[in-house]
Each structure stands twice: as structure tokens, then as C-alpha cells.
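Residue strings, one per chain:
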Amino acid sequence: MAPELQDESCAVTILITTRDRAGHLARTLNTLSQIDHPRALSEEILVVDNGSRDNTPDLLKGWSSPGNSRRFIVEPRPGQSCARNTGVANARGEIILFTDDDVIPGRTWIEGMSAPITGGRAEIVVGPVELAPCLVRGWMTPRLRRRLACRDASELRGEPAGANLAIARGWIQKVGGFDEALGPGQLGFCDETLLMRRCMQMGARMAYAGKEALVTHWPAEERLLRSAWIEDAVKLGRSAAYMNHHYRMKECHARFPKLVYSYLRFVGRQLRHPRASRQREGIDEREWNA
């Protein structure tokens, strides 16, 4: 069922959470002012500052508008999920369109992501994400690119990316919002995955947007470092263990033999390929899988 859009609210809230990335955020906000804004979709941009210590607060004070179509709020509790829950609670839009502070949307992004919901075909829309061309590397396999939130139209049926995700606000509230133990700033991952699964278990329908809703991801180059990949692998494991224990009711200790086996594989590969363990950027997918 399509959300009922009321005059006193608005159709879409573009929700961005940010922390200590003023340079990236400024570029994203500037791009949002230049893309197509469909007349049939009233909208607002809501930025949640998750306790930034750089010049993000000053940037947002100068960016917000008296007409309240551009607003910012502060959520000091650490964690993207905390910031998103605060954003949803303060949003005026019936559709929450999530993106990140290092993402550049295409011109038809708002309409492309909102149409399946306003048209009554879905309550969740997952959109494609491409990596900025200057950040593409030869060692990036499709799976490693997906860990950078990149998904083309043929890859959208896996884990969703919060860089390009639209959900009817009522469904987010129905499942109680994001689990604040998950996501960046906490365990690291699986926040969007869990929310989407819980919505679908309660009957929400999902649609996949095409190229008209494409966004470009511009992560900091530090995300490509070998140390960052290893750190992300640890966070992904912890997030999956939390999901298994709290939502799939699996005993984590039953996976101890697999953990030992994976650790031995990881160490063994480092011993066999010592040069790989000294490289500054990138990681071999086989090592990352270990």
C-alpha cells in the first residue's frame, strides 16, 4: 500500500548522517541542490550530525534554510543507527530516502527511488551504487567492490546498501527502527540488512531501482588500505555473530571450530605470500574470505 501523503508533511525526507567528514558532506549537499526535484514530490533534506568535532557544525549552520526544507539536528550518541533513528523520528517525509555523506546522486535519483513507493508497488526500494572511477583498482573483485557499497542492477538482490535505500517511514517505525548495536560506529555492519529483513517478514514489499536512480560512492582513499580491509573483515564477523545470536537464535560457541579453521587459513596464507601482507593498498579476496 502506498503511503498517504499529507499536505502538512512532505513526500520525501532525504536523510544523511555524518561525523567528521565536512569536506565530503559539502560536496554531497552541493550536488543535492543541483539534481532534479520533481514538482509532484515535496521534499526536505535532513542531516543528522553524529557528534562531529571538525567544522561540520559550522557548515550545517550556514547550509540550513529558514524555510525548513533543509534542516540539521545533532545526535551525540555514537553510531550511525542511533543517528538514523533520531533522523527518522524527526523526519517529515512519508518516504525516507537514505544516502551517505560521501555519495553523489544522479539527476533523476529522487524520482527513481521514490516512484515504486508512491506508485504503490513497494515499501522498500534498493538502488544501484557505482564506485567513483578514480577509485577503481585492478585488484577489486566484484565481491570486494560490494564491500564498498557498490552494486549495479544485477547485484541488488543481495545485502542492501544504505548509500541508496528508500523505505516508507511507517514501516521503519513498525519494526522499531535500526538496531543501535549494529552499523558504523558500533559493531560495524548489518544495520540496513536487519531492518530490511524485519520489514519484509512483516509483509513489506521490495523493489529494485534501475540506472535512473544511480548514485556514485566517493569513499576516502583510506578505505582502500589493506589495514582498513582487515579491520572491516573483523567488524563484519562481529556483526554477523550478533545477528546470528540475537535474531537467528544460533549459539555462537558452536562456530568456534570454524573460527579456528579460518584463523589458521589466514595465518597460513600470510606465510605463503609474505609480500601480500606488506602491501599498502588492497587485499586478495581469498585472504579476505579467510
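A brief report on the enclosed structure follows. Keep in mind that this is a model prediction, so the values were computed, not measured.

Looking at the environment of Glu-111
(1) Moving on: Checked against the element boundaries, Glu-111 lands in helix 4 (residues 109-118).
(2) Moving on: Taking C-alpha positions, Glu-111 is 8.3 Å from Glu-212, a pair spaced 101 residues apart along the chain.
(3) Moving on: Apart from the residues lying within four places of it in its own chain, the contact partners of Glu-111 are Pro-38 and Leu-41.

Remarks on the layout of surface pockets
(1) Moving on: Roughly 1,000 Å³ of volume is contained in the second largest pocket.
(2) Moving on: Of all the secondary structure elements, the ones that give two or more residues to the lining of the second largest pocket are strand 1 (10-18), helix 3 (80-90), helix 7 (191-201) and helix 8 (226-246).
(3) Moving on: With four residues, the top contributor of residues to the lining of the second largest pocket is helix 8.
(4) Moving on: A breakdown of the residues in the lining of the second largest pocket according to their chemical character gives twelve nonpolar, nine polar and 17 charged.

A few points about the packing of helix 1 (residues 22-32) against helix 2 (residues 56-63)
(1) Moving on: The geometry of helix 1 relative to helix 2 is characterised by a closest axis approach of 9 Å and an angle of 20° between their N-to-C directions. Here helix 1 is positioned roughly parallel relative to helix 2, judged by the angle of their axes. Crossing of helix 1 against helix 2: the hand is right-handed. Seen from helix 1, the contacting residues are Ala-22, Leu-25, Ala-26 and Leu-29; seen from helix 2, they are Thr-56, Leu-59, Leu-60 and Trp-63.
(2) Moving on: Of the residues in the contact of helix 1 with helix 2, the class split is seven nonpolar, one polar and no charged.

Observations concerning helix 8
(1) Moving on: Between its first and last C-alpha atoms helix 8 spans 31 Å; for 21 residues at 1.5 Å apiece the expected length is 30 Å, and the two agree.
(2) Moving on: All of the buried residues along helix 8 are Arg-226, Ala-228, Trp-229, Asp-232, Leu-236, Ser-239, Tyr-242, Met-243 and Asn-244.

A few points about the sheet that holds strand 10 (residues 215-217)
(1) Moving on: Taking strand neighbours across the sheet as the criterion, the three strands line up as 5-10-7 in an open arrangement whose pairing is mixed. Of all strands in the sheet, those with a lone pairing partner are strand 5 (103-105) and strand 7 (129-131), marking the two edges. Here the average twist between neighbouring strands, direction ignored, is 30°.
(2) Moving on: Summarising the sheet, strand 7 and strand 10 pair through three bridges and their orientation is parallel. Its bridge partner lying in strand 10, Val-129 is registered against Val-215.

The rules behind each value
Residues numbered from 1 in each chain as written. Predicted model: local features only at pLDDT ≥ 70, side-chain atom pairs only at ≥ 80, totals over all residues. Heavy atoms only, no water. Helix = DSSP H or I, 4+ residues; strand = E, 2+ residues; numbered from the N terminus. Contact = heavy atoms within 4.5 Å. 1 Å grid on protein atoms, 1.4 Å probe; cavity = no way out; pocket = protein on both sides within 12 Å on 5 of 7 lines; lining within 4 Å. Points joined across faces, edges and corners; volume = space filled by probe spheres on them. Nonpolar A, V, L, I, M, F, W, Y, C, P; charged D, E, K, R; others polar. Axes fitted to C-alpha atoms, helices over the stretch in contact; angles between N-to-C directions. Parallel < 35°, antiparallel > 145°, perpendicular 65-115°, else oblique. Left-handed = near helix turned anticlockwise from the far one by under 90°. Expected span 1.5 Å × (residues − 1). Buried < 20%, exposed > 50% of the residue type's maximum accessible area, 1.4 Å probe, protein only. Pairing = 2+ DSSP bridges.

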